Amino acid sequence: EYADHLGPHYGRLAHHHVHAGDAMLASRYLVLAGDRDHASYANLEAREAYKAALVWHDRCVDPLYPRDTILLRLAKVERDLGELDSALVHLDTHDALTTSSLAAWDLRGNILIRKGQLAEARAAYEHMLTLSREDCWTVAKAHTGLANVARRQGDTAQAIALAEQAMPELLAVGDYE
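Residues numbered from 1 in each chain as written. Predicted model: local features only at pLDDT ≥ 70, side-chain atom pairs only at ≥ 80, totals over all residues. Heavy atoms only, no water.

Draft legend 1. The arrangement of the packing of helix H5 (residues 84–97) against helix H6 (residues 102–115) in detail. Where H5 meets H6, the closest approach of the two axes is 10 Å, and the angle between their N-to-C directions is 155°. By the angle between their axes, H5 is roughly antiparallel relative to H6. The hand of the H5/H6 crossing is left-handed. For the pair H5 and H6, the contacting residues are Leu-84, Asp-85, Ala-87, Leu-88, Leu-91, Asp-92, His-94 and Asp-95 in the first and Ala-104, Leu-107, Arg-108, Ile-111, Leu-112, Arg-114 and Lys-115 in the second. Considered class by class, the residues forming the contact of H5 with H6 number eight nonpolar, one polar and six charged. (Axes fitted to C-alpha atoms, helices over the stretch in contact; angles between N-to-C directions. Helix = DSSP H or I, 4+ residues; strand = E, 2+ residues; numbered from the N terminus. Parallel < 35°, antiparallel > 145°, perpendicular 65-115°, else oblique. Left-handed = near helix turned anticlockwise from the far one by under 90°. Contact = heavy atoms within 4.5 Å. Nonpolar A, V, L, I, M, F, W, Y, C, P; charged D, E, K, R; others polar.)

Draft legend 2. Structural context of helix H7 (residues 118–131). Between its first and last C-alpha, H7 extends 20 Å over 14 residues, near the 20 Å set by a 1.5 Å rise per residue. Close packing links the buried residues of H7 with H6 and helix H8 (136–152). (Expected span 1.5 Å × (residues − 1).)

Draft legend 3. Inspection of the packing of H6 against H8 at higher detail. Interhelical geometry of H6 versus H8 gives an angle of 10° and a closest axis separation of 11 Å. In terms of their interaxial angle, H6 and H8 are classed as roughly parallel. Packed against H6, whose contacting residues are Leu-102, Asp-106 and Ile-113, the element H8 presents Thr-138, Lys-141, Gly-145, Asn-148, Val-149 and Arg-152 at the interface. Of the residues that constitute the contact of H6 with H8, the class distribution is three nonpolar, three polar and three charged.

Draft legend 4. Representation of the side chain of His-143 in the model. Turning to its location among the elements, His-143 is positioned in helix H8. Within the structure, His-143 has its side chain in polar contact with the side chain of Glu-169 (distance 3.0 Å). Among residues more than four places away in sequence, those in contact with His-143 are Leu-129, Leu-162, Gln-165, Ala-166 and Glu-169. (Polar contact = N/O pair within 3.5 Å; in protein donor to acceptor, adjacent residues only side chain to side chain.)

Draft legend 5. How the structure looks around the side chain of His-94. Note that His-94 resides in helix H5. Residue class for His-94 comes out buried when judged on its relative accessible area of 2%. What His-94 contacts, discounting residues up to four positions off in sequence, is Asp-68, Leu-71, Leu-72, Ser-100, Ser-101 and Ala-104. (Buried < 20%, exposed > 50% of the residue type's maximum accessible area, 1.4 Å probe, protein only.)

See below:
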């Protein structure tokens, strides 16, 4: 009954479990607090929650969230804060722990565009296409990322062609993230 109403209290629950020394629940509630903060654009607080969650994660025998999941969420927050180099470091650490996910490649491409590293961003989005040609959402995100790279490079015709290529893929998905 109360589980549906815990969201506003994740920070307080995390604080309680940190002081109690309960690593598993401290890590869990820190991740949930970070998710809540990030969703409400409280990115500084989200970053601190995810960093603390990583510390407590390392103390867990059986953590609820894999380390790579927390690292990916931290990298997203750092991207949103404009801390692009830190975000890439956390993505690299993420990739060292697991097979890099499509979400990680998409995030990497986005960060590299923001850094002006357009050739590297193009490579990230092209790699996304090699990972999954069957998933319309992934293909659409890769094509829109490539369109953004082309736009940044001043190739308007290529940007439009790639955006048009993404359109049927987006329509095929219907309701998406």
